[in-house]
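# Secondary and tertiary structure notes
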Amino acid sequence: MNTVSVGSTVIGAGKPKVIVPIVGKTREEILSEAKIAKDSQCDIVEWRIDHFSEILDFEAAADFCQEVKAAVDLPLLVTFRTLKEGGVRPMADDDYFEMYHAFIKAGHFDLMDVELFMPAESVNILVETLHKNNKYVVMCNHDFDQTPAKIEIINRLKMMQEKNADICKIAVMPKSIADVITLLDATQEMYTEYADRPLITMSMGKLGVVSRVSGETFGSAATFGAAKEASAPGQLAVKELKEILATL
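Computed from a prediction, not measured in an experiment: that's the story for all the values here.

### Focus on the pattern of salt bridges
Across all of its chains, the model carries 12 salt bridges by this definition. Between R81 and D113 there is a salt bridge, with its nearest N and O atoms 2.9 Å apart. Of this pair, R81 sits in the loop between β5 (76-79) and α3 (93-106) while D113 sits in strand β6 (residues 111-115); the two residues are 32 residues apart in sequence, bridging distant segments of the chain. We note that R81, like D113, is buried. R197 is paired through a salt bridge with D196; the nearest N and O atoms lie 2.7 Å apart. Residues joined by salt bridges that share partners form a network here, namely R81, D113 and E115.

In C-alpha cells:
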C-alpha cells in the first residue's frame, strides 16, 4: 500500500488523519477559521473554495491561498465542490478547470480535490499537471441521494485508481443501517483486495457517524471533523473525533 506524505503527515499509515474544512465566505472569515483549524490539532485543513465570495476572480483567489496556507501552517487541501456533488456555487466545467489551473500556477497548497465524473480528458490533464507540480490528487465522488450497491462503490474507487489519483474518496448517503454496512463492507473489500493507495470513505448523516470513526478497522485513511462549522452532514467536532480515535 502506497502512502501520501505531506511534511510529517502520512496519509495511509497509522491512525486515520483528521481533516477540518474551512467554509468562510469572506477573507476575514476564512483566515479566522484557518486559525481555529490550526488550533484544533487536526492533521490536514481543507479550504472549500466554493464558499469563497471572491472565487470567480481565479488569479486573486489563487494568490489569497498563500495567506490561507500560511495561516493554517498544515497540509492544505483545496476543494471546489460542484453543485451536483453538494457544493454551494454553480460553475461551468471549463471554468472549474481554468480555476484549478490558476491555483496550480500559484502553487500555495499541497493537495487538490478532483471530482471523478468531470470530463475525462480535462481530468487527465489536470491530474498530470498536478503531479508535474508535486501536488497530490484527492479524487472523489459524493452521492447525497443514496448509497449505491457495494459493487458500484468499489468500481468507482477502482476508476479513481485508474485515473491516477493519489487518494480515492467516496461519500454516500444512507437511508438505513444496511446502507452504512454496505459502505463499510465495500471499503474493507476495496482495501484488502484492490487498493494500492489510501482510501477515504464515509457514510454521511447521523446514521453514518460510525463510518467516520472506524476507518482504521475498515480501511479508510482519513476522516472529516468540524472545528467550527461542518461542511457535510454527520461531521463530529474535532476534539470529540480525536478522543474517539485515540481509544480505538
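### A word on the nonpolar core
Within the largest apolar cluster, 62 residues are counted, with the highest numbers of intra-cluster contacts made by W47, M99, F103 and M112. If you look at the next biggest cluster of nonpolar residues, it comprises 17 residues, including I19, L77, I167 and M204.

### Overview of the pairing of strand β7 (residues 136-143)
Burial runs high along β7: seven of the eight residues are buried. Judged from the five bridges that link them, β6 and β7 form a sheet pairing that is parallel. Considered in β7, the bridge of V114 is made with M139. With helix α4 (residues 120-132) bridging β6 and the parallel β7, this β-α-β connection has right-handed handedness. Between β7 and its parallel partner strand β8 (residues 167-172), the chain crosses via helix α5 (residues 150-162), and the hand of that crossover is right-handed.

### Thoughts on α3
Across its 14 residues, α3 extends 20 Å between first and last C-alpha, which sits within 8% of the 20 Å expected from 1.5 Å per residue. Taken as a whole, α3 has its buried residues at Y96, F97, M99, Y100, A102, F103 and I104. The secondary structure elements touched by the buried residues of α3 are β4 (44-48), α2 (58-72), β5, β6 and α4. Phi for G107, located one or two positions after α3, is positive at around 80 degrees.

### Let's talk about the sheet that holds β5
Across the sheet, which stays open at both edges, the nine strands sit in the order β9-β8-β7-β6-β5-β4-β3-β10-β11 with parallel pairing between neighbours. Every interior strand has two partners, whereas the edge strands, β9 (199-203) and β11 (236-237), have only one. In terms of strand pairing, β4 meets β5 through four bridges, oriented parallel. Bridge assignment links W47 to a residue of β5, and that residue is V78. Strands β8 and β9 of the sheet are contacted by helix α6 (residues 177-194), whose axis makes an angle of about 170 degrees with β9.

### Some words on the packing of helix α1 (residues 27-39) against α2
The N-to-C vectors of α1 and α2 enclose an angle of 30 degrees; their axes lie 8 Å apart at closest approach. With respect to α2, the element α1 is oriented roughly parallel. The two elements α1 and α2 meet at a crossing, and its hand is right-handed. Contact with α1, carried on its side by R27, I30, L31, A34 and K38, involves A60, F64, E67, V68, A71 and V72 of α2 and no other residues of that element. Partitioned by chemical class, the residues of the contact of α1 with α2 number eight nonpolar, no polar and three charged.

### Regarding the packing of aromatic side chains
How two aromatic rings sit relative to each other is given by the distance of their centres and the angle of their planes. Counted by the stated rule, this structure contains seven aromatic pairs. Here the aromatic rings of Y96 and F97 are separated by 5.0 Å at their centres, their planes lie at 80 degrees, and the arrangement is edge-to-face. Y96 gets classed as buried once you look at its relative accessible area, which sits at 1%. A cation over a ring is seen here: R27 above F64, with NZ or CZ 4.6 Å from the ring centre. Residue placement shows K158 over the ring face of Y194; its charged tip is 4.3 Å from the ring centre.

Quick notes on the rules
- Residues numbered from 1 in each chain as written.
- Predicted model: local features only at pLDDT ≥ 70, side-chain atom pairs only at ≥ 80, totals over all residues.
- Heavy atoms only, no water.
- Salt bridge = Lys/Arg side-chain N within 4 Å of Asp/Glu carboxyl O.
- Helix = DSSP H or I, 4+ residues; strand = E, 2+ residues; numbered from the N terminus.
- Buried < 20%, exposed > 50% of the residue type's maximum accessible area, 1.4 Å probe, protein only.
- Core = buried A, V, L, I, M, F, W, Y, C linked by side-chain atoms within 4.5 Å.
- Pairing = 2+ DSSP bridges.
- Right-handed = clockwise from strand over helix to strand, strands pointing away.
- Expected span 1.5 Å × (residues − 1).
- Contact = heavy atoms within 4.5 Å.
- Axes fitted to C-alpha atoms, helices over the stretch in contact; angles between N-to-C directions.
- Parallel < 35°, antiparallel > 145°, perpendicular 65-115°, else oblique.
- Left-handed = near helix turned anticlockwise from the far one by under 90°.
- Nonpolar A, V, L, I, M, F, W, Y, C, P; charged D, E, K, R; others polar.
- Phe/Tyr/Trp six-rings, centres within 6.5 Å; stacked < 30°, edge-to-face > 60°.
- Lys NZ or Arg CZ within 6 Å of the ring centre and 35° of its normal.

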